[in-house]
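# Close look at the chain arrangement
Take a look at the letters that make up each chain.
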Amino acid sequence: MTTPSETPAHRYNAAKANEIETTWQRYWNDKDTFNAPNPVGDLAPADGQQLPEDKLFVQDMFPYPSGAGLHVGHPLGYIATDVFARYHRMLGKNVLHTLGYDAFGLPAEQYAIQTGTHPRTTTMNNIENMRRQLGSLGLGHDRRRSVATTDPEFYKWTQWIFLQIYNSWFDEDQQKARPIAELIADLESGARTTKDGRVYADLDDVAKQEAVDEFRLVYRSNSMVNWCPGLGTVLANEEVTADGRSERGNFPVFRKRLSQWMMRITAYSDRLLDDLELLDWPEKVKSMQRNWIGRSRGAEVDFTAGETTIRVFTTRADTLFGATYMAIAPEAELAAELVSDEPYAADVDQRWTYGAASPQEALAAYRRDIAAKSDVERQENKDKTGVFLGTYATNPVNGAQIPIFAADYVLAGYGTGALMAVPAHDERDYEFATAFGVEILPVLDGDVSEQAFLGDAAHINSANDSGLGLNGLGKDEAIAATIAWLVDNERGAEKIQYKLRDWLFARQRYWGEPFPIVYDDNGVAHALPEEMLPVELPEVDDYAPAAHDPNDADSEPQPPLAKVTDWVNVELDLGDGPRTYTRDTNVMPQWAGSSWYQLRYVDPTNDEKFVDLDNERYWTGPQPEKHGADDPGGVDLYVGGVEHAVLHLLYSRFWHKVLYDLGHVSSKEPYRRLYNQGYIQAYAYTDARGVYVPAEEVEERDGKFFHGDEEVTQEYGKMGKSLKNAVAPDDIVRDFGADTLRVYEMSMGPLDTSRPWATKDVVGAHRFLQRLWRLVVDEDTGEVYTVDAELTDEDNKQLHRTIAGVRDDYANLRDNTVVAKLIEYVNYLTKTYPNDVPLAAVEPLVVMVSPLAPHIAEELWSKLGHDETITFTAFPTFDEAWLVDDEIELPVQVNGKVKARIMVPADAGQDDVVAVALADEKVAALVEGKNLVKQIVVPGRMVNLVVK
Ligand code: ANZ
């Protein structure tokens, strides 16, 4: 935007806005305006001054410092939290608000592999760029608290927390984590036995260590992972395509059992589920967490096949009489145990044999074919597959002999990895039974001719000679009766099952936190003592994991760190003299740092502890007086996208609970209140080939869209570089100023809904700020217009209403309606006082504007004669008296129909109201010459006149 020569010298335009913004951003930086003091430690006030008891900790979800920089969609939440933080500073609260960087991860590493640039260099550059972009928006962050997960001073504590978790076990009786030393003491004294019931004292040293390891909250396990030899790494399920290849590179992916670090999050299933009740979170997110944890109540039932017991988990024990086959996860040990070593009988159904001569061959071929399928695929595939194992099981309730299959819709990792199939009443079993010609036997009184009957109905065909009779019973009674019978006959028990799996906690990559673990000559793992932290990432020249023959399923991952032999092999004294060890060469997954960063914000420079308990208690401790007796504590407001509903928010709750159990924090939960902001979306345009064209070059003509002469197709959705529709905040700041961008983004609609970006609408927000400026400042001279006049009653009414409404809106994150109310008030003042606005009307306005548009507010505030920043000025209060309407409108009914509306004083008596009604022209005409037989006044609501 250029400034034509006739433009007044002191007009609020882009140039003016940029000048003001630079000035105030520098001021805030120089004065450390947004530094929030701590009770104790480095960040405590120097003079020992008391902190305000009232505090607010507001936090944005941790961004990844991407090389692409920010587009205008990213700061939506950051602006909203800044407005919220600024508002609360004006209420006298000590406000903690900062922003750090979740900076480990794949993009920097991929870039390093391609270019040889150290990921730290890339990461630091990206952080620098983001800081600059965010700084230009005037976000009031405490910069001392801005951490990056990649800083050794930060990841030292990530490793320390890992060790806390590693050195703990979960006491089922107390339902909490306890130090592993307490377990060892119990084992040594004989108060407890090992997991498999052995006496600890009888074991040798290695067996002792193994027995203890089985209890730890961090453990190594052989688990199935997606191994991609071509990329040299294991992949997450989301990184594998439907046909079992890597999303990146299109290499084959194999399901492989690998020894991996796991975290025992499942120990916390009940607490993670039950404590959701304590949280002020969107119901949607709570229910996503509930589903993810997936607690089902059911029963375990034992079937037998020869010597072998097949234990299944079922939520419908009441349907046992309808079990007509069993299905086992193909990769389960049990399948190998049960498979017959005889060839298939000559009369076996051909559909059951997988084209093989024997069950063993069939199972082997089947296992190979499904190795690459993901769990989701296996569950959702309607075309059921499987192989008959050549053996039969005995149904415990009626002795029926039912065939046993291996089928991939049974998951190895859920329940017992085996199920009793009741095709009549389970959709997946129905599909399988239909495909394989297995009997479908109804045990509920419903139609099963076309599909499984899933409704509720009385039981049929369900009785045996040994005291179990379910016929005629409903579901709950029948389940209870069956379980009681199973328990009496020692064939089963009640069981609670969870969907939640333990957390696979290792990656074979470079750019992550190294594990504080070394192995001795016997391969026994040792946790490093605290003094040896951080274990720093070694410098390397080659960031790539060792590649393998892409088709070699038997190859083993060799992480990049394994190549750094002089780092891997170390001599350490772990208490028994110097010895040589080898380091663990995995790194932690990207979720590690974000699982606890809020605690570091609280005490970022503490080098004695990850957070001092006094500081933690002040910022995130429970506040029963304020939030009720059940308050778990935690960050006061956490704002971010709903895409983090499960993983991040479940992992951080888990870590927090362990830290709570061990006494390191006073809060039970990391985030007391969660708010999901919507997204800024945008139109994108594709040409005839389906290729994106730059959105800013597209023109609309007669409802059609053109790029040059070519008509293009409009889509609506995400904003991003690849869609060529990203708008950089830098451009909007340059063309309008940061305050305009802030006001525009906040005014687009309710914060929790998504909205389309429209650069052409930004000017509306800019004009509002221009009007505000003009109300106070003479555009020609730069002098202020304000006068020391008394406010009229109408002025007071407008002002106090605005204050009341705006306070309520700010407190509830309704910044869009704040903007609407401020616009209205500015318009009122502009009309009433074009160039002599009373100071008493305009000072509170400037204060009210300041959370939204802090730079212009600071400038006006200083023009109005204040020397100090507006940041801590008390937010205006209102007088209730000005909120009551002195006149109200009432409808007047004559013989039941509304005929007129009258204005009466709010406190008018009944007789006065009737008098005003009768004086109304229309009413008078209707009443004239008639008898007024009844007059009813419903105060504040209406007048009803009956005439004859
Ligand atoms: C018999 C039955 C009859 C079942 C019926 C359901 C309906 P939720 O509720 O999700 O916990 N199941 C058990 N183990 C399985 C595994 N490893 N892979 C796939 N499915 C498995 O699911 C529990 C039900 O899922 C169990 O109850 C079992 O089928 C199946 F009319 O048993 B049911």
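Reading the values: rules and limits
Residues numbered from 1 in each chain as written. Predicted model: local features only at pLDDT ≥ 70, side-chain atom pairs only at ≥ 80, totals over all residues. Heavy atoms only, no water. UniProt positions renumbered as here; feature names shortened; annotations may be inferred. Helix = DSSP H or I, 4+ residues; strand = E, 2+ residues; numbered from the N terminus. Buried < 20%, exposed > 50% of the residue type's maximum accessible area, 1.4 Å probe, protein only. Contact = heavy atoms within 4.5 Å. Near = heavy atom within 4 Å. Polar contact = N/O pair within 3.5 Å; in protein donor to acceptor, adjacent residues only side chain to side chain. Areas by Shrake-Rupley, 256 points an atom, 1.4 Å probe, with all protein chains shown as cover. Nonpolar A, V, L, I, M, F, W, Y, C, P; charged D, E, K, R; others polar. 1 Å grid on protein atoms, 1.4 Å probe; cavity = no way out; pocket = protein on both sides within 12 Å on 5 of 7 lines; lining within 4 Å. Points joined across faces, edges and corners; volume = space filled by probe spheres on them. Phe/Tyr/Trp six-rings, centres within 6.5 Å; stacked < 30°, edge-to-face > 60°. Lys NZ or Arg CZ within 6 Å of the ring centre and 35° of its normal. Pairing = 2+ DSSP bridges. Axes fitted to C-alpha atoms, helices over the stretch in contact; angles between N-to-C directions. Salt bridge = Lys/Arg side-chain N within 4 Å of Asp/Glu carboxyl O. Core = buried A, V, L, I, M, F, W, Y, C linked by side-chain atoms within 4.5 Å.

### Some remarks on the UniProt feature "binding site: ATP" (unreviewed entry) in the protein
Residues given the UniProt feature "binding site: ATP" (unreviewed entry) here are Lys-721. Structurally, Lys-721 is set in the loop between strand 26 (710-717) and helix 21 (729-736). Take Lys-721: its relative accessible area is 65%, and that puts it in the exposed class. For Lys-721, the contacting residues outside a window of four places in its chain are Ala-68 and Ala-726.

### Considering the site of the ligand
The local shell around the ligand holds 19 residues, among which Ser-296, Thr-314, Leu-411, Tyr-414 and Lys-499 are the closest. Thr-314 has a polar side-chain atom sitting 2.7 Å from an oxygen atom of the ligand. Here the ligand has 650 Å² of accessible area as a free molecule, and 88% of this is covered by the chains. Going through the elements one at a time, strand 9 (308-314) and strand 13 (418-421) are the ones with two or more residues in the shell around the ligand. With 3 residues, strand 13 is the largest single contributor of residues to the shell around the ligand. Here the shell around the ligand is built from residues that sort into 9 nonpolar, 6 polar and 4 charged.

### Quick look at empty space enclosed by the protein
This model, assessed by the stated rule, comprises 2 cavities of 30 Å³ or more. Arg-86, Met-90, Ser-850, Pro-851, Pro-854, Ile-870 and Thr-871 together form the lining of the largest cavity. Each pocket or cavity is described by its volume, and for the second largest cavity that value is around 40 Å³. Every residue along the wall of the second largest cavity is listed here: Glu-745, Met-746, Gly-749, Leu-751, Arg-755, Leu-813, Arg-814, Asp-815 and Asn-816. Counting residues per element, the ones that place at least two in the lining of the second largest cavity are helix 22 (738-747) and helix 25 (815-832). Residues that form the lining of the second largest cavity fall into these classes: 3 nonpolar, 2 polar and 4 charged.

### Digging into the packing of aromatic side chains
On inspection of all chains with the given rule, the structure shows 52 aromatic pairs. Ring centres of Trp-503 and Phe-654 lie 6.4 Å apart, and the angle between their planes is 65°; this geometry places the pair in the edge-to-face category. Remark: Phe-654 occurs in helix 20 (residues 647-661) and Trp-503 occurs in strand 15 (residues 503-504); sequence separation between them is 151 residues. Judged on exposure class, the residue Trp-503 and its partner Phe-654 are both buried. Each member of the aromatic cluster is reached from another via a ring pair, and the members are Phe-162, Tyr-166, Phe-170, Trp-261, Tyr-268, Trp-503, Phe-505, Phe-515, Trp-591, Tyr-651, Phe-654 and Trp-655. Arg-220 extends its terminal NZ or CZ atom over the ring of Trp-261, reaching a point 4.9 Å from the ring centre. If you follow Lys-384 out to its NZ or CZ, it ends over the ring of Tyr-409, 5.6 Å from the centre.

### Looking at the sheet that holds strand 17 (residues 525-527)
Here we have 4 strands laid out as an open sheet, ordered 17-16-19-18, and antiparallel in their pairing. A single partner strand is all that each edge strand has here, and the edge strands are strand 17 and strand 18 (569-573). Direction aside, the axes of adjacent strands within the sheet are offset by 50° on average. Relative to strand 19 (residues 578-583), strand 18 is paired through 5 bridges, and the arrangement is antiparallel. Bridge pairing in strand 19 links Leu-572 to Arg-579.

### Section: the pattern of salt bridges
Side-chain pairing between opposite charges can occur once the charged atoms of the two side chains come close. Inspection of every chain in the model, using the stated rule, returns 52 salt bridges. Asp-171 serves as the salt-bridge partner of Arg-178, at 2.7 Å between the closest nitrogen and oxygen. Both residues of the pair, Arg-178 and Asp-171, belong to the buried class. With its nearest N and O atoms 2.8 Å apart, the salt bridge here joins Glu-669 to Lys-657. Within this pair, whereas Glu-669 is found in the loop between helix 20 and strand 21 (674-676), its partner Lys-657 is found in helix 20, the two being separated by 12 residues in sequence. A relative accessible area of 0% means that Glu-669 is categorised as buried. Take Lys-657: its relative accessible area is 1%, and that puts it in the buried class. In the salt-bridge network here, residues are joined through shared partners; they are Asp-171, Arg-178, Glu-182, Asp-186 and Arg-192.

### Description of the nonpolar core
Ranked by internal contacts, the top residues of the largest apolar core, which has 89 residues, are Leu-134, Trp-757, Tyr-810, Leu-822, Leu-829 and Leu-845. Leave out the neighbours within four places in its chain, and Tyr-810 touches Val-83, Phe-84, Tyr-87, Asp-815, Val-818, Leu-822, Met-848, Val-849, Pro-851, Leu-852 and Phe-875. Ranked by size, the runner-up nonpolar core spans 87 residues in total, among them Leu-217, Leu-276, Phe-515 and Val-635.

### Describing the layout of surface pockets
The space that makes up the second largest pocket amounts to roughly 690 Å³. Along the walls of the second largest pocket sit 25 residues, with Ala-695, Glu-696, Trp-757, Ala-758 and Thr-759 positioned nearest its centre. Elements represented by at least two residues in the lining of the second largest pocket include exactly strand 22 (680-686), strand 24 (698-701) and helix 21. Grouping the constituent residues of the lining of the second largest pocket by class yields 14 nonpolar, 4 polar and 7 charged.

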